[in-house]
Amino acid sequence: MPEKTKHLSRLLIYLITLSLFLLILSSLSLRQFGNVSLLPGSVFRLILANNTSIYVRPNVQRDPKIKTIPFLSPLSSKTQSPNFGPCNQGTICPPSGALTCDQNQAVLKVYMYDLPPEFHFGLLGWKGSGNETWPTVNDPRHIPPYPGGLTLQHSMEYWLTLDLLASNVPSIIKACSTVRVENSSEADILFVPFFSSLSYNRYSKPLGKEKLELNKILQEKLVQYLLGHDLWKQHGGKDHLIVAHHPNSMLQSRKELASAMFVLADFGRYPASVANIEKDIIAPYKHVVRSIPNGQSAQFDQRSILAYFKGAIYRKDGGTIRQELYYLLKDEKDVHFTFGSYSKNGVNKANAGMATSKFCLHIAGDTPSSNRLFDIVAIHCVPVIISDEIELPFEDVLDYSDFCVFVHASDAIKPDEGGAIRQELYHLLKDEENVHFTFGSYGKGGINKVNAGMTISKFCLHIAGDTPGSNRLFDVIATLWVSVIISEDIELTFEDVVDYSEFCAFVHASDAVKPGYLLNRLGGLEGYEWTKMWVKITRNWRPL
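Predicted, not measured: the structure shown is a model, and the values here were computed from it. (Residues numbered from 1 in each chain as written. Predicted model: local features only at pLDDT ≥ 70, side-chain atom pairs only at ≥ 80, totals over all residues. Heavy atoms only, no water.)

1. So, the overall build of the chain
For the chain, the helix and strand inventory stands at 16 helices and 14 strands. When burial is assessed residue by residue, the chain has 48% of its 544 residues classed as buried. Within the chain, residue pairs in contact and separated by at least 24 positions form 63% of the contacts whose partners lie at least 6 positions apart. (Helix = DSSP H or I, 4+ residues; strand = E, 2+ residues; numbered from the N terminus. Buried < 20%, exposed > 50% of the residue type's maximum accessible area, 1.4 Å probe, protein only. Contact = heavy atoms within 4.5 Å.)

Written out as structure tokens, the structure reads:
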């Protein structure tokens, strides 16, 4: 077999196995949350049947003074703690004789670099005694907890490292799927245990008189160490695995280490030469809302909100669609679309809102993905994914179309009725200088007010309403002013004898809602052009 083909085949096996491996890890939760498994039961059972899952069992009695760490916990537990001791009746246990894993039978053998603690648990404040590199994972008192808040969502690096450390501890029960080996020549892949997301979240601000940034310093050290290491040189780093789940993690070193396999949240901030679907793995976020136990979520008829979104509205890059959807949906009946943040009890408020909604919107933000999708699933709301560039984790195992609704961003912002464009234009133009765009009605002298307004305006807008046409066009003509027609499907009277382009300006609806387009178009007309259109009206049209 050619070397290139052999390498690709081997890489494919690694990716599939790692995906399953990460899938199970993602279902484990942190200690302050309840049942958070994102896996459908059928998928979980399938993986168990194929002996590719971590086996978990219920909490055992232990000293309540010991601060517990969420590790290898049961699917049904209310708190997340390390689990030790024998299997009990009614729990998920490995087959008979599988308590001790023979590393020769492991599905995936992983060599983990013994990097100094400053690259991993040292970032959590852990200090080993003597020359210790790793905490003792079979004693929860020795495992530093991962920070809470939004930092949790990128904690994949923490769980993978703990899982590998636990694979060599006989007292911790898990399937013989992934095991850490001491000899690199026996390994399928080489794992680099750098907590890059934590490093970015906590140590990316310059400190001290020298204004040094620890995050950058650690990346520089890592690059120097890996590129100079014989194991990296053997295959140019292609057999190495590095977790860079936060979109801004490894920012200074990702290009130099691009030959390695990355574990990422998405490809939003990576050029294809650095990260791509051919070599890298998309892993889930850790959700931050409290999961609703099975059987306790509201049924369809009990959910009063049709569609729910609460979060940051004004985003950059692909996330600008949030702003467009906000203006389209914020006033719609049975839709909750508001600003929101993690602070000021924001998570609990979002938790309550999603739990009473039929559909919850996952809309592209600064990057194609976010932990919102996993919050939505954890709260048992049906996700509506509006993110054209999103790559979803474990798509080879999970068919997301079974429980998600996908909508193209371009379709999501299309109004159902042509008249919805009025709402978009209102928000675009209402605060512009020399523009009068307000609500109005026939009652309370409305006709006279409109008439007075049109007579002092250069242009009067005829925008599609519930139907393409309305009497507004003829009101504008009757007051002898130039009309701007923004109505795609309008059919004008007597078009066979009247050339409306001589005294009307036509603007496509799709162009009109582009920021700045309409005012630039109208402002660009010379005075003589406007006068020519106005003269055409005054000479050829007579009010009834």
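We are not done yet, so read on.
2. Here we look at the packing of helix 4 (residues 196-203) against helix 5 (residues 214-227)
Relative to each other, helix 4 and helix 5 sit at 150°, their axes nearing to 8 Å. Overall, the two elements helix 4 and helix 5 adopt an arrangement that is roughly antiparallel. On the side of helix 4, the interface is formed by Ser196, Ser199, Tyr200 and Tyr203, while helix 5 contributes Leu214, Asn215 and Leu218. The class makeup of the residues in the contact of helix 4 with helix 5 is four nonpolar, three polar and no charged. (Axes fitted to C-alpha atoms, helices over the stretch in contact; angles between N-to-C directions. Parallel < 35°, antiparallel > 145°, perpendicular 65-115°, else oblique. Nonpolar A, V, L, I, M, F, W, Y, C, P; charged D, E, K, R; others polar.)

3. Overview of helix 8 (residues 346-355)
What sets the pattern is the α-helix's 3.6 residues per turn: residues three or four places apart point alike. Among the ten residues of helix 8, seven are classified as buried, and the element is accordingly described as predominantly covered. Those residues of helix 8 that sit buried are Gly346, Val347, Ala350, Asn351, Gly353, Met354 and Ala355. The inward-facing, buried residues of helix 8 contact strand 7 (305-311), strand 9 (357-363) and helix 9 (372-378).

4. A few points about the environment of Ala275
Mapped onto the secondary structure, Ala275 falls in the loop between strand 5 (261-264) and strand 6 (281-282). It is 8.8 Å that separates the C-alpha atoms of Ala275 and Ser259, two residues lying 16 residues apart in sequence. For Ala275, the contacting residues outside a window of four places in its chain are Leu264, Phe267, Tyr270 and Asp280.

5. Regarding the side chain of Lys109
Its location among the elements puts Lys109 in strand 1 (residues 108-112). No salt bridge forms around the buried Lys109; measuring N to O, its nearest opposite-charge neighbour Glu186 is 5.9 Å away. In this structure Lys109 touches Gln103, Asn104, Val179, Val181, Glu186, Ala187, Asp188 and Ile189, once residues within four positions along its chain are discounted. (Lys, Arg positive; Asp, Glu negative; His and termini not counted. Salt bridge = Lys/Arg side-chain N within 4 Å of Asp/Glu carboxyl O.)

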